[in-house]
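# Structural characterization, general
What follows is each chain in one-letter form.
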Amino acid sequence: MADTPLPPGFDEYKMARARRAFESALGHRKVFFEELDRTGYQDKFAVDDALHHPAGAIAPESVEEVQAAVRIANQYLLPLWPISRGKNLGYGASAPLLAGSVVLDMSRMKKIEFDEHLGTVVVEPGVGFYDLYDYLQANDLPFWLSTPGNSWGSVMGNALDRGVGYTPYGEHTKQICGMEVVLPDGDLVRTGMGAFAGSDTWQAYPYGYGPAWDQMFVQSNFGIVTKMGLWLMPEPESLMGMDVEFDRPEDLKAMIDTIAPLRRERVLTQSPSIGNWLRAAAVLTTRDEWTDKPGALGEDVIDKIRKTFNIGWWGVSLRLYGREEVNKAAYKILEKAMNDIDPMLIKPTSWVKGEPLEHTGWTGTPMTFPMQNVNWYGGRGGHIGFSPIIPQDGTKALEQFRRTYARYQEYGMDYQGSFAFGERHMINVNAMIFDKDDPEMMKKVDPFFRTLVQDAKEQGYGEYRTHLDYMDLVADSYDFNGGALARLNGKVKDALDPNGILAPGKSGIWPERLRGSNAGGGRRS
Ligand code: ADP
């Protein structure tokens, strides 16, 4: 039997005592410390998953049980790593950053409270996109979800990691309205109007009175969220739009400079994503169907892929939601804007209430098929994402693409890139797909990733989200005034979590007792 991974300051005996304490507080049915249990809490996509093996996991079923777990963690100075459903694939999944942490698995807490009048919901951590979708269907509620490309995870966990979807409610963290949080000292707090006992406006007004704290618990390790309020989109009367293909890499510039003003003006209210030719090929086929040559795919293969799927170098889907009359008027504006920049192909689409609905991200249907892309190379597939925030500027985006694409070729990796619009920013998501059974390829992933971070840093572009292995690297790149943000995060961390028990290292935030000690091991830079 393999040894139990242990956090700093622990030996097997101390961990066994902590385990007993969890068993007596929660019951042994909710405590998992066997070797076989631990394999369920590993990051299958990590370059080296052993850096993030937990000591075990616990699965509380109520807020009181979460508080009991926090008490024990404080008593033993034991790091807890909270997860909702732990399907954050590419960013760490259910594994903790610090090996030997205990995973606080809240997937059994699955309550849903829906306000049919306002279209707001309060979810517990374990509510998956499929659960909420089923709930809306079963209760015939006229509201749509916004779902991410892999909808296997939880509604809460995705919003907490700033995941995105494809409808006008696609910036999930923006839809948060009110939270319930267990703080690292065990106190229970409700944010916004939830702080006002007996208020029925908790999910209506996000700020409450005085400082507003919801975003403090997003991508942080300052609290354990046990309830989250969110706004849902009322079912639209009509959905119209078009899928547009463009022939040349340099068309990216005109696409961005044309779509971005329409987004800022809110002619477009959802956030389109421009993606390259690999998106279809990697989901519907495997690489060996196209070529047996190593290195990045050559122009001949790219042409073959594009011909087969009749797609451009880039494609983008634009969608309009709401009243049919309004959509029809806006459609004309989009159509003219796209025709003016010489597209290869425009494929219109339209739906009105009552017609059968296509099951895609555009209609907020949960899906998992985009994850098929990890089979691209064969073997045990995985991916990580390199995702800097860049300006809504076609020239700068094209330069960023060219730099990144040249690096993919230099490292011999196939390029899957996208440029997703926000209202004022773009997220340039670059998927790095790999085959974990190919040691030569796996050796390249880390240097490749670091090179991309460095390239982006030189342009002033920082990432919006990252894998456990790179949380310190990315946090360090946010360096204004000698790392003032890191100092602020550290002060807040120490004030709220003096024993440093909650998710040490998350987003580069370490508690004082582990700071600078390289206790995180792994890839700390
Ligand atoms: P999903 O359930 O969508 O797969 P995860 O459970 O993997 O999402 O969580 C995504 C990220 O958010 C992880 O980094 C995790 O540490 C953090 N997280 C998830 N749930 C909570 C929670 N209830 N409280 C605090 N942080 C959380």
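Remember, predicted model here, so these are calculated numbers, not experimental data. (Residues numbered from 1 in each chain as written. Predicted model: local features only at pLDDT ≥ 70, side-chain atom pairs only at ≥ 80, totals over all residues. Heavy atoms only, no water.)

## Quick word on the site of the ligand
Formally: Summary of the distance rule: residues count as near a molecule or strand when at least one heavy atom falls within 4 Å of that molecule or strand. Under this definition, polar contacts are N or O atom pairs within 3.5 Å; protein pairs additionally need one hydrogen-donor-capable and one acceptor-capable atom, and for neighbouring residues in sequence, both atoms have to be side-chain atoms. Note that accessible areas follow from Shrake-Rupley with a 1.4 Å probe, and for residues the cover is restricted to the protein chains shown. To qualify as a helix, a DSSP run of H or I must reach at least 4 residues; to qualify as a strand, a run of E must reach at least 2; elements of each kind are numbered from the N terminus.
Taken together, 20 residues surround the ligand, and among them Ser84, Arg85, Lys87, Ser154 and Lys506 come closest. In the environment of the ligand, an oxygen atom lies 3.0 Å from a nitrogen or oxygen atom belonging to the backbone of Pro82. The contact in question runs from a nitrogen atom of the ligand to an N or O atom on the backbone of Val225, over 2.8 Å. Protein chains shield 95% of the accessible area of the ligand, which is 550 Å² for the free molecule. Of all the secondary structure elements, the ones that give two or more residues to the shell around the ligand are strand E3 (80–83), helix H5 (155–160) and strand E10 (224–231).

## Structural notes on the sheet that holds strand E6 (residues 120–123)
As a reminder of what qualifies: One bridge is not enough; two strands pair if DSSP finds at least two bridges between them. In this analysis, axes come from line fits to C-alpha atoms, helices being fitted only over the stretch in contact, and the angle between any two N-to-C directions falls in the range 0 to 180 degrees.
If you walk across this open sheet you meet the 5 strands as E5-E6-E10-E8-E9, and the pairing is antiparallel. The sheet is open, and its two edges are formed by strand E5 (112–115) and strand E9 (188–190), each paired on a single side. With direction set aside, neighbouring strand axes in the sheet form an average angle of 10 degrees. Where strand E8 (residues 176–182) lies against E10, 5 bridges are found, and the strand directions are antiparallel.

## Examining the side chain of Thr147
The criterion, for reference: We call a residue buried when its accessible area falls under 20% of the maximum for its residue type, exposed when it is over 50%, and partly exposed in between, using a 1.4 Å probe and counting protein chains only.
Note that Thr147 resides in the loop between strand E7 (143–144) and H5. The class of Thr147 is buried, set by a relative accessible area of 0%.

## As for empty space enclosed by the protein
This is how it is decided: The distinction between a cavity and a pocket rests on a 1 Å grid over the protein atoms alone: a 1.4 Å probe fits inside a cavity but cannot get out, while a pocket stays open yet meets protein on both sides within 12 Å along at least five of seven lines, and a residue with an atom within 4 Å of a point counts as lining. Grid points are joined across faces, edges and corners, and a volume is the space filled by probe spheres set on the points. Put simply, Ala, Val, Leu, Ile, Met, Phe, Trp, Tyr, Cys and Pro go in the nonpolar bin, Asp, Glu, Lys and Arg in the charged bin, and everything else, Gly too, in the polar bin.
One pass over the structure, following the stated rule, counts 5 cavities of 30 Å³ or more. Looking at the largest cavity, its volume works out to about 150 Å³. As for the largest cavity, its lining consists of 14 residues, and the residues nearest its centre are Ser146, Val155, His172, Trp231 and Leu232. Contributing elements (two or more residues each) for the lining of the largest cavity: helix H4 (129–138), H5 and E10. In terms of residue class, the lining of the largest cavity is made up of 11 nonpolar, 3 polar and no charged.

## Considering the packing of aromatic side chains
This is how the line gets drawn: Geometry of aromatic contacts follows a simple scheme: Phe, Tyr and Trp rings, the Trp one being its six-membered ring, pair when their centres are within 6.5 Å, and the pair is stacked under 30 degrees between planes, edge-to-face over 60, tilted otherwise.
The full count for this structure, using the stated rule, is 23 aromatic pairs. Residues Phe386 and Phe449 carry aromatic rings whose centres are separated by 5.9 Å and whose planes lie at 85 degrees to one another, so their mutual orientation is edge-to-face. Highlighted residues: Phe386 in strand E16 (residues 381–386) and Phe449 in helix H11 (residues 439–459), separated in sequence by 63 residues. We classify Phe386 as buried; its relative accessible area is 1%.

## As for the side chain of Asn158
Defined as follows: Any pair of residues with heavy atoms lying within 4.5 Å of one another is described as a contacting pair.
Of note, Asn158 is situated in helix H5. We classify Asn158 as buried; its relative accessible area is 12%. If sequence neighbours within four positions are ignored, Asn158 has contacts with Phe129, Pro148, Gly163, Val164, His172 and Arg465.

## Considerations on the layout of surface pockets
Space inside the second largest pocket adds up to approximately 360 Å³. Contributing to the lining of the second largest pocket are 18 residues, with Pro168, Arg263, Arg266, Thr269 and Gln270 lying nearest its centre. Per element, the largest residue contribution to the lining of the second largest pocket is 3 residues, and it comes from helix H9 (residues 324–339). For the lining of the second largest pocket, the per-class residue count stands at 6 nonpolar, 7 polar and 5 charged.

## Looking at the sheet that holds strand E4 (residues 102–105)
Here we have 4 strands laid out as an open sheet, ordered E1-E2-E4-E3, and mixed in their pairing. Every other strand in the sheet has two partners, leaving strand E1 (31–32) and E3 as the edge strands with one partner each. Bridge count between E1 and strand E2 (residues 56–58): 2 bridges; the pairing is antiparallel. Note on E2: the bridge partner recorded for Val31 is Ile58.

## Details of the packing of helix H6 (residues 251–265) against H9
In a packed pair of helices, the relevant descriptors are the angle between the two axes and the axis-to-axis distance. Spelled out, the test is: By definition in this entry, angles of less than 35 degrees are roughly parallel, angles greater than 145 are roughly antiparallel, angles of 65 to 115 are roughly perpendicular, and the rest are oblique. Here is the rule for handedness: rotate from the far helix to the near one, and if that takes an anticlockwise turn smaller than a right angle the crossing is left-handed, while a clockwise turn gives right-handed.
Between H6 and H9, the shortest axis-to-axis distance is 10 Å and the interhelical angle comes to 160 degrees. Classified by the angle their axes make, H6 and H9 are roughly antiparallel. For H6 against H9, the interelement crossing comes out right-handed. Between H6 and H9, the contacting residues are Thr258, Ile259 and Leu262 on the first element and Ile333, Leu334, Ala337 and Met338 on the second.

## A word on the domain arrangement of the protein
Keep this limit in mind: Domain start and stop positions are those given by an automatic or database domain assignment. Note on terms: buried area is the combined drop in 1.4 Å-probe accessible area of two parts once they are placed together, counting the loss on both. Any carboxyl oxygen of Asp or Glu within 4 Å of a side-chain nitrogen of Lys or Arg constitutes a salt bridge here.
When its domains are assigned, the protein resolves into domain 1 (12–105), domain 2 (112–234), domain 3 (238–465) and domain 4 (470–514). Of note, the centres of domain 2 and domain 3, computed from C-alpha atoms alone, are 28 Å apart. Of the residues lining the interface, 22 residues belong to domain 2; the matching set on domain 3 comes to 23 residues. Between domain 2 and domain 3, roughly 1,900 Å² of surface is buried when both sides are summed, and carbon and sulfur atoms account for 60% of that area. Here domain 2 and domain 3 share 2 salt bridges between them. As a salt-bridge pair, Arg465 and Asp161 come within 2.9 Å of each other at their nearest N and O atoms. One can count 5 residue pairs in polar contact (both at pLDDT 80 or more) joining domain 2 with domain 3. Take the side of domain 2 that touches domain 3: its biggest share by element is 3 residues, from H4.

## Considering the pairing of E4
Neither face of E4 is open: one carries Val102 and Leu104, the other Val103 and Asp105, and all of them are buried. In this sheet, E4 lies alongside E2 in parallel orientation, the contact comprising 3 bridges. Residue pairing for E4: Ile58 is matched across the bridge by Leu104. In the sheet, E3 pairs with E4 via 4 bridges, with the strands oriented parallel. Residue Ile83 lies in a different strand from E4, and its bridge partner there is Asp105.

## With respect to the nonpolar core
Stated precisely, the cut-off is as follows: What is meant by a nonpolar core is a set of buried Ala, Val, Leu, Ile, Met, Phe, Trp, Tyr and Cys residues, joined one to another through side-chain atoms within 4.5 Å.
One finds Leu252, Ile274, Trp277, Trp314, Trp376, Phe401 and Phe419 to be the most contacted residues of the largest nonpolar core, which totals 65 residues. Take this core: its biggest share by element is 8 residues, from H11. Apart from residues no more than four positions distant in its own chain, Ile274 is found in contact with Leu252, Met255, Ile256, Trp314, Gly315, Val316, Gly417, Ser418, Phe419 and Phe421. Membership of the second largest hydrophobic core comes to 28 residues, among which are Phe114, Leu136, Leu183 and Met228.

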